[in-house]
Each structure stands twice: as C-alpha cells, then as structure tokens.
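# Understanding the architecture of this molecule
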Amino acid sequence: MNGLIFNLHNHTPFSDGAYSIDELCDLHLSRKDIKVDGIGISDHLFRTPTSRVPADDREFERIFAPETARYLAEVRAARERWAGKLQVFCGAEIHWPMNKGHLNIIRNLLSGLDYVLVETIDWAGLTMLANQARRWPCHVGLAHADVGERFPNTSQDQVVRTMANARIFYELNAVMMPLRESDPWLNLLPKHRVFVTLGTDTHDDLTCLRAIKPMYDLLVKTGLDQRMLRFAPASAPPQPQAATA
Ligand SMILES: [Zn+2]
C-alpha cells in the first residue's frame, strides 16, 4: 500500500457545487488534520437543466458530448496547474434512473475520465451495470450507497459478490458517518476483492471535509485501507470507442 489519501467526491459550479476546482485544491491542501494527496472532481453529468428527457441516443449525444468535453478539458487544465502539489482526478457522478436508458452512449462519453460514481441505483440496476462495468472506459463505483437501504431485498453477501465480480468499487461517503467499525457491511467488504474510495460529496458546506480523517481511520481499522482505489490519472486523450449504436 502506498498510503495515498484521495477525496474523490467533490462538486464544482460545473454542476451544483459552490467552490471552484482551485478553491477545492486549496481547501484540501490547507487541512491540518490529515494530509490529502489528491482530489477527484465528480460533477453531475448528463442531466438536462430542465430535466427534459432526451428522446434518443442521438439527441443525448448532441446535448451532452460538448458539455462532457468541456468538463474534461477544465479538470485536465486544473490537473496541470496543480501538478506536483496535489493530484487532480476527473470523475463524474451519474444518476442511474435518469441515465440507464443511454448507457451505450454514456460509456463512450466517459472515455478519458478516471472514474464514475453511480447514484440512486437499485438492485435490478446494479445487476445490469455489473454485466457491463468491466467494459466501461473508467473505474465504476457506487456513490454513497447504504447497502442495507439501497438493496433491501438482497443479501449483503450477494451485493458484495456482484460488486467484486464486476470490479465495481464502493465509496465510503461522509454522509454515512458516523459509521461504526462493527457495521456488518464494513466487516464483509474486506473479505472480498472490492475496492473502496473516500468521498465527502462537497457542495457548499465545507464541514464535510472534516469527515476525511475519521473515514480514513475507519478504513485503517477495518483493513480496508489496503483496498483503496489508487490510480494514476488517465493521461491519454479520449480514444474513439467502437460502435456507439
Ligand atoms: Zn455527489
């Protein structure tokens, strides 16, 4: 283990966050309680401002491809500005019910990102995602999922096996704190090959950043720090993917 600590769940004004990437970098670098080595920007992508549902994949791509390219360029520029001081990763958060009908096109649009967090997914969705997550061009994880509540009719054992097989990572999020060491899910996770990330879901309230240290301490106590997803930022320019249809 290399001990690097990343907070991979932060929003900026690109979606509904209050702080710019530079401000978030400053805020993380100036923390006295813990040394943060990198942050991930995980703005909401693929949501129309009017919540109007795109009619088909073609319209979806027309609306969201330019936006995604602009987002990626913005985060990459910040990555360069902060090089040597703080690592900056480019992630995204996507809303499963709103986006599940356009996965083929989304998969292509995510090319060049480091990871994606999927929120509001149910068990049917997780099994659908699990069937294809390994073919996605970036790491795929569950955003702030309370497993017991999110998948009430499925055993945690089945959830963890599904995630391990599909290489879907699990995000420990500040909204779930305080979590106890004795939590059954936290005890189950280290027994399976599921990677974990830390995230604060930063929007406008910076008190969430205080949770980074207790979350990391909890991962160390449960042995999950050994399973933290630690990756180098995707550096290659987005490659056109095969068939989008
Ligand atoms: Zn979020």
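Here, the structure is the one placed above.
Residues numbered from 1 in each chain as written. Predicted model: local features only at pLDDT ≥ 70, side-chain atom pairs only at ≥ 80, totals over all residues. Heavy atoms only, no water.

## Observations concerning the overall build of the protein chain
In plain terms, the rule: Runs of E in the DSSP output that reach at least two residues are strands. Runs of H or I that reach at least four are helices, and both are numbered from the N terminus. Here the radius of gyration uses the C-alpha set of atoms, whereas the globule reference equals 2.2 Å times the residue count to the power 0.38. Buried residues are those whose accessible area, probed at 1.4 Å on protein chains only, stays under 20% of the maximum for their type, while exposed residues exceed 50% and partly exposed ones sit between those limits. We call two residues contacting when some pair of their heavy atoms lies within 4.5 Å. Surface accessibility in these figures is a Shrake-Rupley result with a 1.4 Å probe; residues are shielded only by whichever protein chains are displayed. His residues and chain termini do not enter the charge count, which takes Lys and Arg as positive and Asp and Glu as negative. Lysine's charge is taken at NZ, arginine's at CZ, aspartate's at CG and glutamate's at CD.
In terms of helices and strands, the protein chain carries nine helices and eight strands. Compactness check: the protein chain gives a C-alpha radius of gyration of 17 Å against a globular reference of 18 Å for 245 residues, within 12% of the reference. Scored against the burial criterion, the 245 residues of the protein chain give a buried share of 53%. For the protein chain, restricting intrachain contacts to residue pairs at least 6 apart in sequence, the fraction spanning at least 24 positions comes to 78%. Per element, the accessible surface of the protein chain, about 11300 Å² overall, is 50% carbon and sulfur. Side chains of the protein chain give 27 positive and 29 negative charges; the mean places of these two sets differ by 6 Å.

## Here's the deal with the coordination of the zinc ion
Six octahedral donors around a metal ideally subtend angles of 90 or 180 degrees, whereas four tetrahedral donors ideally subtend 109.5 degrees. Going by this rule: Note that water is not among the atoms used; donors are N, O and S atoms within 2.8 Å of the metal (3.2 Å for Na, K and Ca), so sites may look incomplete. Angular criteria define each label, namely tetrahedral for four donors with all angles between 85 and 135 degrees, square planar for four and octahedral for six donors with opposite donors over 155 degrees apart and remaining angles between 65 and 115, and irregular for whatever fails these tests.
Taken together, the protein donors to the zinc ion comprise His-9 (NE2), His-11 (NE2), Glu-93 (OE) and Asp-201 (OD), at separations of 2.1 to 2.2 Å. Geometry at the zinc ion is irregular, judged from its four donor atoms and the angles of 82 to 173° they form at the metal. Taken in sequence order, the residues that donate to the zinc ion follow the motif H-x1-H-x81-E-x107-D. One end of the pair, His-9, is in strand β1 (residues 6-10); the other, Asp-201, is in the loop between β8 (196-199) and α9 (212-222), with 192 residues separating them in the sequence.

## Observations regarding the packing of aromatic side chains
Our working rule: A pair of Phe, Tyr and Trp rings is counted when the ring centres sit within 6.5 Å of each other, with Trp represented by its six-membered ring. The angle between the planes then sorts it: under 30 degrees is stacked, over 60 is edge-to-face, the rest tilted.
For the structure shown, the criterion picks out eight aromatic pairs. Measuring from centroid to centroid gives 5.8 Å for Phe-46 and Phe-64, while their planes differ by 85°, and the two rings are edge-to-face. Here Phe-64 lies in helix α2 (residues 57-82) and Phe-46 lies in the loop between β2 (38-41) and α2, a separation of 18 residues in the sequence. An identical accessibility class is assigned to Phe-46 and Phe-64; each is buried.

## Things to note about helix α5 (residues 123-130)
Going by this rule: The arc in question is traced by the directions running from the helix axis to the C-beta atoms.
Every buried residue of α5 is listed here: Gly-125, Leu-126, Leu-129 and Ala-130. Relative to the axis of α5, the buried residues are bounded by an arc of 135° and lie together on one face. Tucked into the core, α5 has its buried residues touching α3 (96-99), β5 (115-119), β6 (139-142), α7 (156-166) and β7 (168-173).

## Examining the environment of Leu-86
Note on placement: Leu-86 falls in the loop between α2 and β3 (87-90). Classification of Leu-86 as buried rests on a relative accessible area of 3%. Measuring from C-alpha to C-alpha, the distance between Leu-86 and Val-36 comes to 7.9 Å, with 50 residues separating the pair along the chain. Once residues lying within four places of it in the same chain are set aside, the contact partners of Leu-86 are Cys-25, His-28, Leu-29, Val-36, Asp-37, Gly-38 and Ile-39.

## A few points about helix α1 (residues 21-29)
Residue pairs three or four apart in sequence face the same way in an α-helix, which turns once every 3.6 residues. For α1, the full list of buried residues reads Ile-21, Leu-24, Cys-25 and His-28. Projection of α1 onto a plane perpendicular to its axis shows the buried side chains occupying an angular sector of 100°, all on one side. On its buried face, α1 sits against β1, β2, α2, β3 and α9.

## Quick notes on the pattern of salt bridges
Worth spelling out the cut-off: Salt bridge, as used here: a side-chain nitrogen of Lys or Arg that lies within 4 Å of a carboxyl oxygen of Asp or Glu.
Inspection of every chain in the model, using the stated rule, returns nine salt bridges. For the salt bridge of Asp-33 with Arg-31, the shortest nitrogen-to-oxygen distance reads 2.9 Å. Taking relative accessible area as the criterion, Asp-33 reaches 31% and is therefore assigned partly exposed. Overall, Arg-31 belongs to the partly exposed group, its relative accessible area being 23%.

## Here we look at the pairing of β2
As a reminder, the rule being used: Strand pairing is assigned whenever DSSP detects at least two bridges linking the two strands. Look down the strands so they point away from you; if going from the first strand over the helix to the second traces a clockwise path, that crossover is right-handed.
With burial as the criterion, each face of β2 is covered, one bearing Gly-38 and Gly-40 and the other bearing Ile-39 and Ile-41. Summarising the sheet, β1 and β2 pair through three bridges and their orientation is parallel. In the sheet register, Asn-10 faces β2, and the bridge partner there is Ile-41. Considered for its hand, the β-α-β crossover made up of β1, α1 and β2 is right-handed. Across four bridges, the pairing between β2 and β3 is parallel. In the sheet register, Gly-40 faces β3, and the bridge partner there is Phe-89.

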